[in-house]
Amino acid sequence: MKILVCINNVPDTTTKIKFVDNKAFDSAGVQWIINPWDELTLTRAIEMKETQPADIESVTVINVGRADAEASIRKALAIGADNGIRINSDTSDSYSVAFQLSEYIAKEKYDIIFCGIESSDYNGGSVGGMLAEFLAIPSVSSVSMFEIKDGKVVVKREIDGGNETLSVQTPFVLIGQKGIAIEPKIPSMRGIMTARTKQLTVVEGVACNQLIEFVDFDLPKAKAACRKIDAENVKELIDLLHNEAKVI
Amino acid sequence: MDFNFTEEQLMIQQAAKDFAERELLVDVIERDDNAVQSASHIKKLAELGFLGMMTDPKYDGGGMDTVSYVLAMEEISKVDASISVLMSVCNSLVNWGLENFANEFQKEKYLKPLARGEKIGAFLLSEPEAGSDATSQRTTAEDKGDYYLFNGTKNWITNAHLASTYLVIAQTYPDKKHKGINAFIVDKDTPGITLGPHENKMGMRASDTHSVMFNDVKVPKENRIGEDGFGFTFAMKTLDGGRIGIASQALGIASGAFERALKYSRERKAFGTEIFNHQSVAFKLSDMAVKIENARNLCLKAAWLKDQHLPYGTASAMAKQYCADIAMEVTTEAVQIHGGYGYVKEYHVERLMREAKLTQIYEGTSEVQKIIISRSLLK
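Residues numbered from 1 in each chain as written. Chains lettered and ligands numbered in written order. Predicted model: local features only at pLDDT ≥ 70, side-chain atom pairs only at ≥ 80, totals over all residues. Heavy atoms only, no water.

A.B. asks: What am I meant to see in the side chain of Ser72 of chain A here?
C.D. replies: Residues and elements named next belong to chain A. Locating Ser72 in the fold gives a position in helix H2 (residues 70–79). Taking relative accessible area as the criterion, Ser72 reaches 7% and is therefore assigned buried. Ignoring anything within four residues of it in the chain, the contact list for Ser72 reads Ile7, Asn9, Trp32, Ile33 and Ile34. (Helix = DSSP H or I, 4+ residues; strand = E, 2+ residues; numbered from the N terminus. Buried < 20%, exposed > 50% of the residue type's maximum accessible area, 1.4 Å probe, protein only. Contact = heavy atoms within 4.5 Å.)

Structure follows, in structure tokens:
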């Protein structure tokens, strides 16, 4: 099987978020990383390739973005992806990202397309579903387990009150969430070294209207500073929890 | 002059940071308390390629530069110096020494498994009466024709129990003094080698430190490194690079303590405001930041010189002395900023302070570094 993993390039989760005139994200000085949800699905795809090489022919990563996203693509190659593709575009809304991906994927043949459940910047949670619609193939959302047993794809997904296990025919879009891998894979020194020799292809994006206009951004209210109460002073702690925080 | 790191160097730095924060941090206090290392941590360190990261890929290493090594050492040392010293000995001393001075047969047999992290190495130089004065080697390697016969004791040997490959510095011709010293590769399981108990140390308690006794140990002649009498030069050249490892370890200990102190100063309130807003605390942090910046630049300069194949012995001595000394100062101030909380183990800074002390002592004391630096001034 050929797996394609869609990776988004997002600000590091510890980034101090700022906006320009509350209209656009201020990216000055921001460190960019692979979207953590995408990184988990990528990790699982690579784990499968390493443990069941007979079942997984290749793992390719794809990103819709500008040249500065290539550091994240190369990290994915260092983690173990076989090759990378960047669709050159500065598009940012979910619809146009899914459209750009679908236009490229329609010309290629992948058995499973992995997406993270959402991105940690805009939290849209919609690219995977839209992509499947554009490609007219099924999608399975909230996947927390992915296996290939006797040549058949088996996934587990969360449903109300529990989980369901599905056997899925390819091709399909797998929308992964927490649990699909334990934690993101750390690239090894050998992986970082061999990433230099792996192919990173850049293709031009296609014309596409953005359907979303960002009107305004608001930052959440600043959190109050942490207050430390001496361990002996339980009375003060209870008083604060009761009268100030009003949680008890 | 370009102060930017390459994409690969940044990736290595991040990989080391992720490994330290995800894997090492969780039980570092317990491992320090119990003076034990985790086999799974060492296995992971090997799998990620940190144990042979600078060795040429043709000998199964990672082929990374020394700058990358400094970045990785700093990140791991921020969290656990007992692990980073293991890494330093393997990379800077054992693997580097073998790669540069061993013959092809020795590299094939010993360096490759070390570079892959399948085996651990140890560097046996210090003795009960030969610490800073490395010329006074009492361990003898008597030439018996077909083999060398070892007798003597080595002290403070990092990785002594974990390692299977020892690089041993010993005296073959006592009358020739330091010109009679040789360096050898010795398999730890050779009959006649025994280990003393795990040293109960002030800091880096989890690091595997023992004395190693040699009692009529037979070592094949083919295991000598280089020409007869090359051992002292071998040790000194290897230690030039080793100092970069320990300098970056000291840097990591300092920056780890600094990051914790800065975070604490922005959370802890006293007299109605975060303590960072008190000038006495802010100025301490300012001084700490300048020292760390200087230390980092010295480390990177020494690493850069080494990568450019330029002389780096003095630069590495400067880095080692300065980084170790400021690690002690910065960690002490970090404890002070934390107040009573800094004196308990939960906040990590007291451990970092104990770890910092060792960086002023091993791999050449700060005083020995000053000898090296001052002698270079006259050249």
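A.B. asks: How do you make sense of the pattern of salt bridges when you look at a structure like this?
C.D. replies: Where charged atoms from two side chains of opposite charge approach closely, those side chains can pair. Across all of its chains, the model carries 40 salt bridges over all chains by this definition. Across the pair Lys17 of chain B and Glu21 of chain B runs a salt bridge, and its minimum N-O distance is 3.2 Å. With a gap of 4 residues between them, Lys17 of chain B and Glu21 of chain B both fall in helix H1 (residues 7–24), about one helical turn apart. Lys17 of chain B gets classed as partly exposed once you look at its relative accessible area, which sits at 26%. Exposure remark for Glu21 of chain B: the relative accessible area of 41% places this residue in the partly exposed category. The network of salt bridges with shared partners includes Glu70, Arg74 and Arg86 of chain A together with Glu7 of chain B. (Salt bridge = Lys/Arg side-chain N within 4 Å of Asp/Glu carboxyl O.)

A.B. asks: I tried to follow a negative patch on the surface on my own but got confused; where do I start?
C.D. replies: Taken together, Asp230, Glu232, Glu236 and Asp239 of chain A make up a surface patch of like negative charges. When you line up the elements, Glu232 of chain A lands in the loop between strand E13 (200–204) and helix H6 (234–244). (Patch = residues over 30% accessible without salt bridge, like charges linked within 9 Å, V, L, I, M, F, W, Y side chains within 5 Å. Areas by Shrake-Rupley, 256 points an atom, 1.4 Å probe, with all protein chains shown as cover. Lys, Arg positive; Asp, Glu negative; His and termini not counted. Charge placed at Lys NZ, Arg CZ, Asp CG, Glu CD.)

A.B. asks: Explain the packing of H1 of chain B against helix H3 (residues 39–47) of chain B to me, please; I cannot follow it from the model alone.
C.D. replies: Packed helices, taken two at a time, are described by their axes: the angle between them and the distance between them. All names here are of chain B. Where H1 contacts H3, the axes come no closer than 12 Å and their chain directions differ by 160°. Judged on the interaxial angle alone, H3 and H1 are roughly antiparallel. The handedness of the crossing between H1 and H3 is right-handed. Contacts between H1 and H3 involve Phe19, Glu23 and Leu24 on the former and, on the latter, His41, Lys44 and Leu45. (Axes fitted to C-alpha atoms, helices over the stretch in contact; angles between N-to-C directions. Parallel < 35°, antiparallel > 145°, perpendicular 65-115°, else oblique. Left-handed = near helix turned anticlockwise from the far one by under 90°.)

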